[in-house]
Amino acid sequence: MRVTIIGAGNMGRGIGTRVVAGGNEAEIVDRDPDEARKLADELNGAAHGGGSATAAEPGGSLGGDVVVFATWYPGSLEAVKQYADQLGGKVVVDISNPVDTSTFEELVTPRDSSAAEEIAKAVPEGTPVVKAFNTTFAGTLVAGEAAGQQLDVFLAGEDDDAKRKVAELVEAGGARPVDVGPLRRARQLEELGLLHMKVQDPLGSGFKSAVKIHW
Ligand SMILES: NC(=O)c1ccc[n+]([C@@H]2O[C@H](COP(=O)([O-])OP(=O)(O)OC[C@H]3O[C@@H](n4cnc5c(N)ncnc54)[C@H](OP(=O)(O)O)[C@@H]3O)[C@@H](O)[C@H]2O)c1
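Each chain carries its own residue numbering, running from 1 in the direction its sequence is written. Local features are withheld for residues below a pLDDT of 70 in this predicted model, meaning they are given only at 70 or higher, and side-chain atom pairs are given and counted only at 80 or more; totals for whole chains, interfaces and linings count all residues. Note that the side-chain values use all heavy atoms of the structure and ignore hydrogens as well as water.

(A) Main features of the pattern of salt bridges. Salt bridge, as used here, is a side-chain nitrogen of Lys or Arg placed within 4 Å of a carboxyl oxygen of Asp or Glu. A full pass over the atoms with the stated rule returns 17 salt bridges. A salt bridge links Glu57 to Arg37; its shortest N-O distance comes to 3.4 Å. One end of the pair, Glu57, is in the loop between strand 3 (52-56) and strand 4 (66-69); the other, Arg37, is in helix 2 (residues 33-46), with 20 residues separating them in the sequence. On the basis of relative accessible area, Glu57 is assigned to the partly exposed category, the value being 45%. Sharing partners across several salt bridges, the network here consists of Arg2, Glu25 and Glu27. Each helix corresponds to a stretch of at least 4 residues labelled H or I by DSSP, and each strand to a stretch of at least 2 residues labelled E; elements are numbered beginning at the N terminus. Between buried and exposed lies partly exposed: a residue is buried under 20% and exposed over 50% of the maximum accessible area for its type, with that area taken using a 1.4 Å probe on protein chains only.

Okay, here's the thing in structure tokens:
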């Protein structure tokens, strides 16, 4: 599978690492094309299992069947609008935790919505949006585990085929996909993402922890 990742930052690196580890192709796009190239080179250096990475120019055509917006909200919404005319027929993945970055106390989305649902309003009609990866810290995605445990990646969305596609990618990369239901479950996932950030300081876990359902 070919996955376009918009944003060559921390999560671009984390998700890109899992994509190539699973034998899939990552296409990296960033506002700064040098950053995209650097990350693609780094991912190719670490690739095993047949995966590979390439860099593409910002504003150019997107080659992935799945497009992951590894950008900050509301920047993600702007990026989705920027690429909207190319998103038809693809699966859009929103990974954002839409935190108020001035306080890190609240989400900036309306109480009766989520970043994923706001993004779903901006994509072309019929384009499936899947919420994924917002509870997994970037470093744990690079490592492929947290404290020796397999990562759980929670998926929310309306379209079962789209969720299955993202689940395949997650599984190929060595993590466990957990389907948590329709896209409105993104509200709980995004609050959980904020909670996970808030406990880092008191626990001293240095963003190396994972949210996992274990029994
Ligand atoms: N970091 C984590 O552990 C973590 C965990 C779970 C979820 N998340 C979520 O993941 C998202 C990304 O976080 P991050 O830590 O990876 O951020 P980051 O390191 O700042 O990376 C974001 C990258 O995206 C680029 N970018 C922004 N808008 C773009 C556009 N329109 N086109 C192309 N590239 C664009 C940024 O470029 P500029 O530098 O020029 O802006 C930057 O290189 C956020 O929504 C965050 O809530 C993060």
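(B) Expanded view of the site of the ligand. Taken together, 21 residues lie near the ligand, and Met11, Asp30, Arg31, Thr71 and Trp72 sit nearest. A 3.5 Å cut-off defines polar contacts: any pair of N or O atoms within that distance qualifies, except that in protein one atom must be a possible hydrogen donor and the other a possible acceptor, and neighbouring residues in sequence count only when both atoms are side-chain atoms. Here Trp72 contributes a side-chain N or O atom positioned 2.8 Å from an oxygen atom of the ligand. Its residues assigned to classes, the shell around the ligand comprises ten nonpolar, nine polar and two charged. Proximity is defined per residue: any heavy atom of the residue falling within 4 Å of a molecule or strand makes that residue near it. Classification convention: Asp, Glu, Lys, Arg as charged; Ala, Val, Leu, Ile, Met, Phe, Trp, Tyr, Cys, Pro as nonpolar; all other residues, Gly among them, as polar.

(C) Highlighting the sheet that holds strand 4. Any two strands with at least two DSSP-identified bridges between them are counted as paired. Spatially, 3-2-1-4-5-6-7-8 is the arrangement adopted by the eight strands of the open sheet, whose pairing is mixed. Of all the strands in the sheet, just strand 3 and strand 8 (176-181) have a single pairing partner and so form its edges. Along the sheet, successive strands turn relative to each other by an average axial angle of 25°, direction set aside. One ladder, built from five bridges, connects strand 1 (residues 2-6) with strand 2 (residues 25-29); its direction is parallel. Within the sheet, the bridge partner assigned to Ile5 lies in strand 2 and is Ile28. Angles here are taken between N-to-C directions and fall from 0 to 180 degrees, while the axes themselves are lines fitted to C-alpha atoms, restricted in helices to the stretch in contact.

(D) Structural context of a nonpolar patch on the surface. A patch consists of residues whose relative accessible area exceeds 30% and which take part in no salt bridge; residues with like charges are grouped when within 9 Å of each other, and nonpolar side chains (Val, Leu, Ile, Met, Phe, Trp, Tyr) when within 5 Å. Accessibility throughout is a Shrake-Rupley quantity obtained with a 1.4 Å probe, and a residue counts as covered only by protein chains that appear here. A surface patch of nonpolar side chains, amounting to about 280 Å² of accessible area, comprises Leu195, Val199 and Leu203. As for its placement among the helices and strands, Val199 is situated in the loop between helix 7 (186-198) and helix 8 (200-203).

(E) The side chain of Ser114, seen in detail. Position of Ser114 among the secondary structure elements: in the loop between strand 5 (91-94) and helix 4 (115-122). There is a polar contact of 2.6 Å between the side chain of Ser114 and the side chain of Glu117. The criterion used for residue contact is that any of the two residues' heavy atoms lie within 4.5 Å. Setting aside chain neighbours within four positions, we find Ser114 in contact with Thr109, Leu183, Ala186, Arg187 and Glu190.

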